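Chain residues, written in single-letter form:
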Amino acid sequence: MTLFPNSCAPDSPLRLSLPPTTADAPVTEADMQAAVRTLLLGLGEDPDREGLRDTPKRVVKALKFLTSGYRLSLDDLLNGAVFTEDTDEMVLVRDIDLFSSCEHHILPILGRAHVAYIPNGKVIGLSKIARICEMYGRRLQVQERLTAQIADALQGLLQPQGVAVVVEASHMCMVMRGVQKPGSWTVTSAVRGAFAKDSRTRQEFMDLIQHRPEFR
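If you check an unreviewed UniProt entry, the protein appears there as GTP cyclohydrolase 1 from Lyngbya confervoides BDU141951. According to its UniProt record, the protein has this under Catalytic activity (unreviewed entry): "GTP + H2O = 7,8-dihydroneopterin 3'-triphosphate + formate + H(+)". Comment text from UniProt for the protein, heading Pathway (unreviewed entry), reads "Cofactor biosynthesis; 7,8-dihydroneopterin triphosphate biosynthesis; 7,8-dihydroneopterin triphosphate from GTP: step 1/1."

Q: Sorry if this is basic, but what is going on with the sheet that holds strand E5 (residues 140-141) here?
A: The strands that make up a sheet pair up through hydrogen bonds in the backbone, lying either parallel or antiparallel. Pairing is mixed in the open sheet, where 5 strands are placed in the order E5-E2-E3-E6-E7. Unpaired on one side and paired on the other, E5 and strand E7 (186-193) mark the two borders of the sheet. Strand direction decides the pairing type here: strand E2 (residues 91-102) and E5, joined by 2 bridges, are parallel. Each residue of the ladder has a partner; that of cysteine 102, found in E5, is glutamine 141. The strands that helix H4 (residues 126-137) touches are E2, strand E3 (108-118) and E5; relative to E2, the one it contacts most, it runs at about 20°.

Q: Honestly, the UniProt feature "binding site: Zn(2+)" (unreviewed entry) in the protein in this entry has me stumped. Any pointers?
A: The sites that carry the UniProt feature "binding site: Zn(2+)" (unreviewed entry) are, in the present numbering, Cys102, His105 and Cys173. Of the residues just listed, which span 72 residues, no C-alpha pair is farther apart than 7.6 Å, and they cluster in one region. On the basis of relative accessibility, which here comes to 4%, the residue cysteine 102 falls in the buried class. Each residue touching cysteine 102, except ones within four places of it in the same chain, is listed here: Leu107, Ile109, Gln141 and Cys173. Judged by relative accessible area, histidine 105 falls into the partly exposed class, the value being 36%. Those residues in contact with histidine 105 that lie beyond four places of it in its chain are Cys173 and Arg177.

Q: Honestly, a negative patch on the surface in this entry has me stumped. Any pointers?
A: A cluster of acidic residues, Glu85, Asp86, Asp88, Glu89, Glu204 and Asp207, forms a negative patch at the surface. Overall, the relative accessible area of 81% leaves aspartate 86 in the exposed class.

Q: Would you mind going over unusual backbone geometry with me for this structure?
A: Trans peptide bonds make up the majority, and among non-glycine residues the majority have a negative phi. Look at isoleucine 106: it is not a glycine, yet its phi comes out positive at around 50°. Its location among the elements puts isoleucine 106 in the loop between E2 and E3. A positive phi angle is found at glutamine 159, which is not glycine, with a value near 50°. Assignment of secondary structure puts glutamine 159 in the loop between helix H5 (143-158) and strand E6 (162-171). When its relative accessible area of 49% is taken as the criterion, glutamine 159 is described as partly exposed.

Criteria and cut-off values
- Residues numbered from 1 in each chain as written.
- Predicted model: local features only at pLDDT ≥ 70, side-chain atom pairs only at ≥ 80, totals over all residues.
- Heavy atoms only, no water.
- UniProt positions renumbered as here; feature names shortened; annotations may be inferred.
- Pairing = 2+ DSSP bridges.
- Helix = DSSP H or I, 4+ residues; strand = E, 2+ residues; numbered from the N terminus.
- Contact = heavy atoms within 4.5 Å.
- Axes fitted to C-alpha atoms, helices over the stretch in contact; angles between N-to-C directions.
- Buried < 20%, exposed > 50% of the residue type's maximum accessible area, 1.4 Å probe, protein only.
- Patch = residues over 30% accessible without salt bridge, like charges linked within 9 Å, V, L, I, M, F, W, Y side chains within 5 Å.
- Areas by Shrake-Rupley, 256 points an atom, 1.4 Å probe, with all protein chains shown as cover.
- Salt bridge = Lys/Arg side-chain N within 4 Å of Asp/Glu carboxyl O.
- Lys, Arg positive; Asp, Glu negative; His and termini not counted.
- Charge placed at Lys NZ, Arg CZ, Asp CG, Glu CD.

This is how it looks when you write it as structure tokens:
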């Protein structure tokens, strides 16, 4: 597989991206629950039966959790965990479990992210790399944008010599509906700096993450 720079134009990593709302008519939690109730009625269900009585409340709570990345900022997430370090060797965190939601159908995207960077005088706490993936994952997404956002966040925070991100994921909108193809995986990549310019550096990264995708 060959890595190519991702052509998406993601949000700036230092700007909080919030879901659009209208200032004069904010959507309340009660409005959201009423919308879920309407969906249940449209599906031919009785939202007042015992099993569904609290479903609108549970659905809204679940959706807020699954999109909690909109309400996070990189500054709060990092909490100062960027350190000065005299090293220029590749740092790789692979097999980061990733859970997101497809913005077209609001169905799960399940997979893994592999994230590497080459420091340029600064390193980041390893757990923060996973948290960056989680923050962008917990939004309504397309995989291409998600991959680029992770790469651009690290590039903006550290100004490293290079960043590489590969995301491997299975999309439930392909598995559970539509073409119904279980076992299909989508692989996206975003490379910046040295990983884009130097094929040997890029290949080293690829060699380190090679394995057969299998979601745990």
